[in-house]
Amino acid sequence: MPEVLQHDVLIVGAGLAGMRAAIAARDGGANTAIISKVHPVRSHSNAAQGGINAALLDRGDDWEDHAYDTIKGSDFLGDQDAIEVMCRQAGASLIDMEHMGVTFNRDDEGRLGTRAFGGQRRARTFFVGDFTGQALLHVMFEQLIKSGVRRYEEWFVTSLIMEEGRAAGVIALEIRTGELHVIRAKTVILATGGCGRLFEPSTNALIVTGDGMGLVYNAGGQLMDMEMVQYHPTTLAGSGVLISEAARGEGAYLRDKDGNRFMEKYAPNMMELASRDVVSRAEQTEINAGNGVDGCVYLDCTHLGEALIMEKLIQIREIGIDLAGVDMIKEPIPIRPGMHYIMGGIKTDVDGLTNLPGVYAAGECANVSVHGGNRLGANSLLDTIVFGERAGNHSANVVRSMGYADFDVSAALAREHRRIQEMLDRPDNGDRWAAVRKDMGDSMNRNVAVFRNEEGIQETLEDLHQLRRRYENVPVHNKGKTFNTDLVFALELGYMLDCADTIAVGALERRESRGAQFRVDYPDRNDEEWLHHIVLTKGEGGPEISELPVTITKWTPEERKY
Amino acid sequence: MDVTIRVKRQDPEAQDERRRPYWQEYPVTIADNATVLDALIQIREDDDGTLSLRCSCRSAICGSCAMRINGHAGLACKTIANTVVQNGVITVEPAGVMPVVKDLVVNFDMFWEKIEAVDPYLKHMGQEPEGEYIVSNDAMLHLSSVTACIMCGACVSDCTVLEVDPTFLGPAALAKAYRFTADPRDGDAEGVSMERLWGLSEPTGIWDCTRCNECVQACPKGVAPMDRIMAMREQAIQAGYDNNNGARHTDAFTESVGHSGRLDELRLPIKSVGMMNLPALMDYMPVAFRAMRRGKMPPIMHQNVENVEAVRRIFNRTQPEPASPQVSNNSPFG
């Protein structure tokens, strides 16, 4: 009989949202553990560069202004009650992080300094150079060590166990040894991040494969607004690595091949600092019209001066030099829109609860929904911290009066063993996971990108149907147990295909243009028919669609101009 | 570009010679600006699914892909392949010091144990302010150059002390410690982390570094761990933790050179361990006898160099102003 591991609260994913949830649950007195397929500091929260938004009252800012900017940024698809919660809490959460030890840049008085960011009428983005996410993630890990939360590092969750109609735990593969384990839990908080790698290229790290969304979807949970996929305006030519919005926040220009600042045509007031969906569309329009060079336009930082770049944009300068051979102090860098973030995700309430009892979600894998049709830069870090903490607090409270759901641990393990053994036993001659993933990424990036239309989305749905067949025969060449990444990648691909289906179905369903969803065949926003969320659940033949109303508190939808 | 990637592999489960380290060569065709990681991913995806390595972000921020490339630790994702090709070959091995799990994957347990050993979280004595701490931007920028560390383990891989002495805290953990000792928010009201500096002055800590500079060269993020260790030595001495071999060694070295223009090799070890430290002094006896027998005993009477006044003048000019009593000068921005 293998050791049975059990914890009141089990968090899956150790990025910012997951670690914040774990610390909160532990502070709330719960026996808490966190499980992650990579070591916590390897998590993708690292990649957030530009900063974290908060309206600090003592700077003359107002959380309602932040809320309005966020709602407008969302193209009025964000739930206003959730946005209120986030923006009210932002200041306190920011100061918490500073007290934990984050080395935020300061102003001349030694107080927290700010920079401007897209889609916002005033500078309320607090930052650590251009590696804010990394700075926050490492400090959160320090606090996780201090809290004494049990950590299962490099364990990959293969199944979510639901029993008696509620969460009962997970099954996970210990990557180093290849052993499968059951971890029982009263509540499970999914904080597994987005699903960027199902697009090719993407700014996202290779680990961002939609695991939590796939787990919930397969357990009968709801995904919401999956069609809302953010293309970031400045990703590097070639590798597609992110170049922070901080560059434009600090004053960089976008230029076409002739040096024109084309944003004046699209957003005469906010120019380069319009919301991301607007800027990405503008760039793609220029590129399609032949005003780019090799599928790119230029990000010009040369007028910012060496001193500013070396203080505030040091990391992206290095990325430009390392990966594109261009020094942004001296010349403009070629950039293009690239898949970056998904606003959609597991539908939750403001405490992280999903429609599956005992299952919570927080961070990018969740959809609270605070980002609606388009997320503002520097709201994602805020989202992880505010809603990670709330999910942790809420779980710690409910587990006090709960027992563990009862189930046959050995039978569950045996089932999972069989499933994985079947994958390992497949003949070696099928297409490998990498080929299937690449074809999926190409199809998504071709048809479910900045500009979409019915024909293209249909084509991708057909592609996905074929890809799923190929997936069923994907071989695992590595038959060993020790650090078998070949097996992990094959399992991840299953999660990705589930997410891809829901994204494409959502994009086809929403016959209007709102936020990141731009339908060439329905180019206008249509509040009469489409001011609602699209909810997707797993049905027999694929995702089934339902809808939920958008919560509007006091900001009436209006035309969106920057 | 056609290149051969020569990978040092090892599979603990293998029943044959692959159980021990062996070399495997993979010929690949890659883009001219491809990184070493791009090449390894291509091998893993198109050629050999049994090759294990860690990688994730592809942009030198997650710290997963540190390994030895042509013998020196670095990030595969930050190394452009065509800059390291030697006769058409790039040699890739797992990071050093840490035990191999499989192929290019090493066991980081000791790495994280050392990080945890330095209490890696801010410890502010006394009341937290209601708002943020008021500190200078320069202080934060200085710290950010250290918090830029991504915990990739490249410095640990190439640390020549850890190679022979696994008890040493090592460059990554000590750089992490400096991130607190130099933080005006850590420690007492003056920003002095007395307790940390006391602990770090013990054996396995800041005085065990041999200043070989390998960690500075290996670090892909410019953290310069050795420089931070040297800065902590100064902080520790200023905080009054000078009753140890390392601090006495530094003093004796300085005093000898400042006075005579050359090192007094006879008295240096004696002063380092302490004049009254009889057990340690007795330990030196066999060395002293052997040195005497081979005619290598330093002269009993230590001679000044010629023109010693010139040395003293230089020396005086480079000495800092006499430090005001310990704490206020401790943090570089305190």
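Remember, it's a predicted structure, so these values are computed and weren't measured experimentally.

### Brief notes about the overall build of chain B
Here is step 1 of the chain: When helices and strands are counted, chain B shows 12 helices and seven strands.
Here is step 2 of the chain: Based on the C-alpha atoms only, the size of chain B along its principal axes is roughly 70 × 70 × 40 Å.
Here is step 3 of the chain: Counting across all 334 residues of chain B, residues that qualify as buried make up 50%.
Here is step 4 of the chain: Long-range contacts, defined here as pairs at least 24 residues apart, represent 65% of the contacts in chain B between residues at least 6 apart.
Here is step 5 of the chain: Accessible surface for chain B amounts to roughly 16200 Å². Of this, 52% is attributable to carbon and sulfur atoms.
Here is step 6 of the chain: Both charge centroids of chain B, one from 33 positive and one from 44 negative side chains, sit 6 Å from each other.

### Quick notes on the interface of chain A and chain B
Here is step 1 of the chain: In this assembly, 60 residues from chain A lie in contact with 64 residues from chain B.
Here is step 2 of the chain: Contact between chain A and chain B buries roughly 4900 Å² in total, counting both sides, with carbon and sulfur atoms accounting for 49%.
Here is step 3 of the chain: Put simply, chain A and chain B have nine salt bridges between them.
Here is step 4 of the chain: For B:Arg54, the salt bridge identified is with A:Glu154, shortest N-O distance 2.6 Å.
Here is step 5 of the chain: Counting across the chain A and chain B interface gives 39 residue pairs in polar contact (both at pLDDT 80 or more).
Here is step 6 of the chain: The set of elements that each furnish at least two residues to the side of chain A that touches chain B consists of α3 (80-100), α4 (132-147), α10 (314-324), α13 (433-447) and α15 (485-509) of chain A.
Here is step 7 of the chain: Its residues assigned to classes, the side of chain A that touches chain B comprises 20 nonpolar, 20 polar and 20 charged.

### Some words on the pattern of salt bridges
Here is step 1 of the chain: Summed over all chains, the structure comprises 71 salt bridges over all chains.
Here is step 2 of the chain: Through salt bridges with shared partners, one network takes in A:Asp75, A:Asp225, A:Glu227, A:Asp277, A:Arg281, A:Arg510, A:Glu512, A:Arg514, A:Arg525, A:Asp527 and A:Arg560.

### Some remarks on the environment of A:Gly110
Here is step 1 of the chain: Looking at the element boundaries, A:Gly110 is found in the loop between α3 and β4 (114-115).
Here is step 2 of the chain: Here A:Gly110 falls in the buried class, since its relative accessible area comes to 4%.
Here is step 3 of the chain: Each C-alpha atom, one on A:Gly110 and one on A:Arg124, is 16 Å from the other, the two residues being 14 residues apart in sequence.
Here is step 4 of the chain: The contact partners of A:Gly110, leaving out residues within four places of it in the chain, are B:Tyr133, B:Ile134 and B:Val135.

### Some details on the sheet that holds strand β4 (residues 72-75) of chain B
Where strands meet in a sheet, backbone hydrogen bonds hold them as pairs that are either parallel or antiparallel.
Residue and element names in this part refer to chain B.
Here is step 1 of the chain: With respect to topology, five strands assemble into an open sheet ordered β2-β1-β5-β3-β4, the strand pairing being mixed. Looking at strand neighbours, the two that pair on one side only are β2 (22-29) and β4, the edges of this open sheet. Here the average twist between neighbouring strands, direction ignored, is 35 degrees.
Here is step 2 of the chain: Alignment of strand β3 (residues 66-69) against strand β5 (residues 89-93), held across two bridges, turns out to be antiparallel. Each residue of the ladder has a partner; that of Ile 69, found in β5, is Val 92.
Here is step 3 of the chain: Docked against the sheet, helix α1 (residues 36-47) engages β1 (2-9), β2, β3 and β5, running at close to 95 degrees with respect to β2.

### Points about the sheet that holds β4(A)
Residues and elements named next belong to chain A.
Here is step 1 of the chain: Taken together, three strands build an open sheet; the order of strands is β3-β5-β4 and the sheet is antiparallel. Because the sheet does not close on itself, it has two edges, and the strands there are β3 (52-53) and β4.
Here is step 2 of the chain: Pairing geometry for β3 and strand β5 (residues 125-126), over two bridges, is antiparallel. Its bridge partner lying in β5, Ile 52 is registered against Phe 126.

### Some details on a positive patch on the surface
Residue and element names in this part refer to chain B.
Here is step 1 of the chain: On the surface, a cluster of positive charge is made up of Arg 290, Arg 293, Arg 294 and Lys 296.
Here is step 2 of the chain: Of note, Arg 293 is situated in helix α11 (residues 278-293).
Here is step 3 of the chain: Taking the relative accessible area as the measure of exposure, Arg 293 reaches 64% and is therefore exposed.

### Notes on the packing of aromatic side chains
All names here are of chain A.
Here is step 1 of the chain: Overall, the coordinates contain nine aromatic pairs over all chains when judged by the stated rule.
Here is step 2 of the chain: For the ring pair Trp 433 and Phe 489, a centre distance of 4.7 Å and an interplane angle of 55 degrees mean the geometry is tilted. With a gap of 56 residues between them, Trp 433 in helix α13 and Phe 489 in helix α15 connect regions that are remote in the sequence.
Here is step 3 of the chain: Owing to a relative accessible area of 1%, Trp 433 belongs among the buried residues under this scheme.
Here is step 4 of the chain: Taking 5.4 Å as the distance between ring centres and 90 degrees as the angle between the ring planes, the aromatic pair formed by Phe 451 and Phe 518 counts as edge-to-face.

### Quick notes on the confidence of the model for chain B
Here is step 1 of the chain: Considering every residue of chain B, the mean pLDDT works out to 92; 96% of them sit at 70 or more.
Here is step 2 of the chain: Throughout residues 323-334 of chain B the model reports pLDDT below 50, and contacts reaching past four residues in sequence, or to other chains, amount to 23 contacts.

### Details of the environment of B:Gly199
Here is step 1 of the chain: Looking at the secondary structure, you find B:Gly199 in helix α6 (residues 194-200).
Here is step 2 of the chain: Separated by 62 residues in the primary sequence, B:Gly199 and B:Gly261 have C-alpha atoms spaced 34 Å apart.

### Some thoughts on α13(A)
Here is step 1 of the chain: Under the 1.5 Å per step criterion, the end-to-end length of α13(A) is 21 Å for 15 residues, consistent within 8% with the ideal 21 Å.
Here is step 2 of the chain: For α13(A), the set of buried residues is A:Trp433, A:Ala434, A:Val436, A:Arg437, A:Met440, A:Gly441, A:Ser443, A:Met444 and A:Asn447.

### Quick word on the environment of A:Asp383
Here is step 1 of the chain: Tracing the sequence through the fold places A:Asp383 in helix α11 (residues 379-399).
Here is step 2 of the chain: Taking the C-alpha atoms as reference points, A:Asp383 and A:Ala90, separated by 293 residues in sequence, lie 8.9 Å from one another.

### Some details on the nonpolar core
Here is step 1 of the chain: Core analysis: the largest hydrophobic core is formed by 116 residues, its most contacted members being A:Ile52, A:Phe104, A:Leu136 and B:Phe111.
Here is step 2 of the chain: Ranked by the residues each element gives to this core, the list is headed by α3(A), at nine residues.
Here is step 3 of the chain: Each residue touching A:Leu136, except ones within four places of it in the same chain, is listed here: A:Leu16, A:Ile52, A:Met97, A:Val102, A:Phe104, A:Leu381 and A:Ile385.
Here is step 4 of the chain: The next biggest cluster of nonpolar side chains, apart from the first, holds 87 residues, and it includes A:Tyr471, A:Leu491, A:Cys499 and A:Ala507.

### Digging into a nonpolar patch on the surface
All names here are of chain B.
Here is step 1 of the chain: On the surface, Met 282, Met 285, Phe 289, Met 292 and Met 297 cluster together into a nonpolar patch covering about 480 Å² of accessible area.
Here is step 2 of the chain: Residue position: Phe 289 is located in helix α11.
Here is step 3 of the chain: The partly exposed category is assigned to Phe 289, whose relative accessible area is 47%.

Criteria and cut-off values
Residues numbered from 1 in each chain as written. Chains lettered and ligands numbered in written order. Predicted model: local features only at pLDDT ≥ 70, side-chain atom pairs only at ≥ 80, totals over all residues. Heavy atoms only, no water. Helix = DSSP H or I, 4+ residues; strand = E, 2+ residues; numbered from the N terminus. Buried < 20%, exposed > 50% of the residue type's maximum accessible area, 1.4 Å probe, protein only. Contact = heavy atoms within 4.5 Å. Areas by Shrake-Rupley, 256 points an atom, 1.4 Å probe, with all protein chains shown as cover. Lys, Arg positive; Asp, Glu negative; His and termini not counted. Charge placed at Lys NZ, Arg CZ, Asp CG, Glu CD. Buried area = accessible area lost by both parts, 1.4 Å probe. Salt bridge = Lys/Arg side-chain N within 4 Å of Asp/Glu carboxyl O. Polar contact = N/O pair within 3.5 Å; in protein donor to acceptor, adjacent residues only side chain to side chain. Nonpolar A, V, L, I, M, F, W, Y, C, P; charged D, E, K, R; others polar. Pairing = 2+ DSSP bridges. Axes fitted to C-alpha atoms, helices over the stretch in contact; angles between N-to-C directions. Patch = residues over 30% accessible without salt bridge, like charges linked within 9 Å, V, L, I, M, F, W, Y side chains within 5 Å. Phe/Tyr/Trp six-rings, centres within 6.5 Å; stacked < 30°, edge-to-face > 60°. pLDDT = per-residue confidence, 0-100. Expected span 1.5 Å × (residues − 1). Core = buried A, V, L, I, M, F, W, Y, C linked by side-chain atoms within 4.5 Å.

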